[in-house]
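Here's the letter readout for the chains.
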Amino acid sequence: MARLSQVFLPRDREFFDLFEEAGGNILRAAELLETMLRDYPEHSELARDILICEQQGDRITHDIVQRLNNTFVTPIDREDILALASALDDIVDFIEETADFLGLYKIEAAMEDAQKLASVLVDASRQIAEAMPRLRGFKDVSHYTVEINRLENDGDRIQREALAALFADGIDPMVVIRWKDIYERLEEAIDATEKVAYTLESIVLKNG
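Scoring rules and cut-offs
Residues numbered from 1 in each chain as written. Predicted model: local features only at pLDDT ≥ 70, side-chain atom pairs only at ≥ 80, totals over all residues. Heavy atoms only, no water. Helix = DSSP H or I, 4+ residues; strand = E, 2+ residues; numbered from the N terminus. Buried < 20%, exposed > 50% of the residue type's maximum accessible area, 1.4 Å probe, protein only. Lys, Arg positive; Asp, Glu negative; His and termini not counted. Salt bridge = Lys/Arg side-chain N within 4 Å of Asp/Glu carboxyl O. Contact = heavy atoms within 4.5 Å. Phe/Tyr/Trp six-rings, centres within 6.5 Å; stacked < 30°, edge-to-face > 60°. Axes fitted to C-alpha atoms, helices over the stretch in contact; angles between N-to-C directions. Parallel < 35°, antiparallel > 145°, perpendicular 65-115°, else oblique. Left-handed = near helix turned anticlockwise from the far one by under 90°. Nonpolar A, V, L, I, M, F, W, Y, C, P; charged D, E, K, R; others polar. pLDDT = per-residue confidence, 0-100. Expected span 1.5 Å × (residues − 1).

(A) The arrangement of the side chain of Glu 152 in detail. With respect to the helices, strands and loops of the structure, Glu 152 is situated in helix H5 (residues 142-168). No salt bridge is formed by the buried Glu 152; its nearest oppositely charged neighbour, Arg 160, is found at 7.9 Å. Among residues more than four places away in sequence, those in contact with Glu 152 are Glu 187, Ile 190, Asp 191 and Glu 194.

(B) Structural context of the packing of aromatic side chains. Applying the stated criterion across every chain yields a total of three aromatic pairs. A centroid spacing of 5.6 Å and a plane angle of 40 degrees characterise the contact between Trp 179 and Tyr 183, whose relative ring orientation is tilted. Here Trp 179 pairs with Tyr 183, and both are found in helix H6 (residues 173-207), just four residues apart, close to one helical turn. Judged by its relative accessible area of 3%, Trp 179 falls in the buried class. Tyr 183 gets classed as buried once you look at its relative accessible area, which sits at 1%.

(C) Molecular detail of the environment of Ala 189. Within the element layout of this structure, Ala 189 appears in helix H6. Looking at Ala 189, the relative accessible area reads 0%, which means it is buried. As a C-alpha pair, Ala 189 and Leu 121 span 68 residues in sequence and 7.2 Å in three-dimensional space. Ala 189 has contacts with Ile 91, Phe 94, Ile 95 and Leu 121, leaving out every residue within four places of it along the chain.

(D) Local environment of the packing of helix H4 (residues 112-131) against H6. Interhelical geometry of H4 versus H6 gives an angle of 20 degrees and a closest axis separation of 10 Å. By the criterion of interaxial angle, the relationship of H4 to H6 is roughly parallel. As for the relative orientation of H4 and H6, their crossing is left-handed in sense. Contact residues: H4 offers Asp 113, Ala 114, Leu 117, Ala 118, Val 120, Leu 121, Ala 124, Ser 125, Ile 128 and Ala 131, while H6 offers Trp 179, Tyr 183, Leu 186, Glu 187, Ala 189, Ile 190, Thr 193, Val 196 and Leu 200. Residue composition of the contact of H4 with H6, grouped by class: 15 nonpolar, two polar and two charged.

(E) Main features of the confidence of the model for the protein. Averaged over all residues, the pLDDT of the protein is 93; the fraction at 70 or higher stands at 94%. Across the protein, element-level confidence peaks in H4 with a mean pLDDT of 98 and bottoms out in helix H1 (residues 4-38) with 83.

(F) Molecular detail of the pattern of salt bridges. Inspection of every chain in the model, using the stated rule, returns 17 salt bridges. Notably, a salt bridge pairs Asp 154 with Arg 150, separated by 3.0 Å at the nearest N-O pair. Of the two residues, Asp 154 and Arg 150 are both situated in helix H5; the distance of four residues between them amounts to about one turn of the helix. Given the relative accessible area of 22%, Asp 154 is considered partly exposed. If you follow the salt bridges from partner to partner, you end up with Asp 17, Glu 20 and Arg 136 in one network.

(G) Expanded view of the side chain of Thr 61. Tracing the sequence through the fold places Thr 61 in helix H2 (residues 46-70). Not counting residues up to four positions away in its chain, the partners in contact with Thr 61 are Ala 85 and Asp 89.

(H) Here's a closer look at H2. For H2, built from 25 residues, the straight-helix expectation of 36 Å at 1.5 Å per residue is met to within 8% by its first-to-last C-alpha distance of 36 Å. Buried within H2 are the following residues: Leu 46, Ile 50, Cys 53, Glu 54, Gly 57, Ile 60, Thr 61, Asp 63, Ile 64 and Leu 68.

(I) Quick look at the packing of H4 against H5. Taken N-terminus to C-terminus, the directions of H4 and H5 make an angle of 165 degrees; their axes are 10 Å apart at the nearest point. As judged from the angle between their axes, H4 and H5 are roughly antiparallel. For the element pair H4 and H5, the recorded crossing hand is left-handed. Along the contact surface, H4 presents Asp 113, Lys 116, Leu 117, Val 120, Asp 123, Ala 124, Gln 127, Ile 128, Glu 130 and Ala 131, while H5 presents Tyr 144, Glu 147, Ile 148, Leu 151, Gly 155, Ile 158, Gln 159, Glu 161 and Ala 162.

Here it is, written out as structure tokens:
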């Protein structure tokens, strides 16, 4: 007779597969946004590809929740699965909002600080994508989480400097409001990567 752990092993693997897929989807969305901001508005059409990533993120989250509801034994505590799925989904949501704002606000050219924030976001997203396979064996992820924390601090500094420059340069108030919103979405996306890092680290410590 098969052991209980063997019976549920395929479903266990599905959770890890989905988390790895989410990590790859986040990195793709972040890279698309970086490309979009690098030469805006020439690459404004990439907003459609970012929206597809956001929809893909929603699908992955839905699949995780559906499997959670249909699985008796899970490889990770249920609340941790939900917390990680939600945190991963938040990153893509903020990326999509940033891309959407560029179009809604009819931005004519990207600010250099927005490009810097997008670059930080790509680096943090890459750390997540590379760390996610280690969850499968509850391997140490501190190398990745420390780097994400450093990148989040960089993002905070860039955003503060960007906002200070907006208010110091006598820019049209409407332009200030628009870019303030965009900077905040970018910073929220970077903050969300740090939330994923903390959740990952907690899961590994609990199950390792």
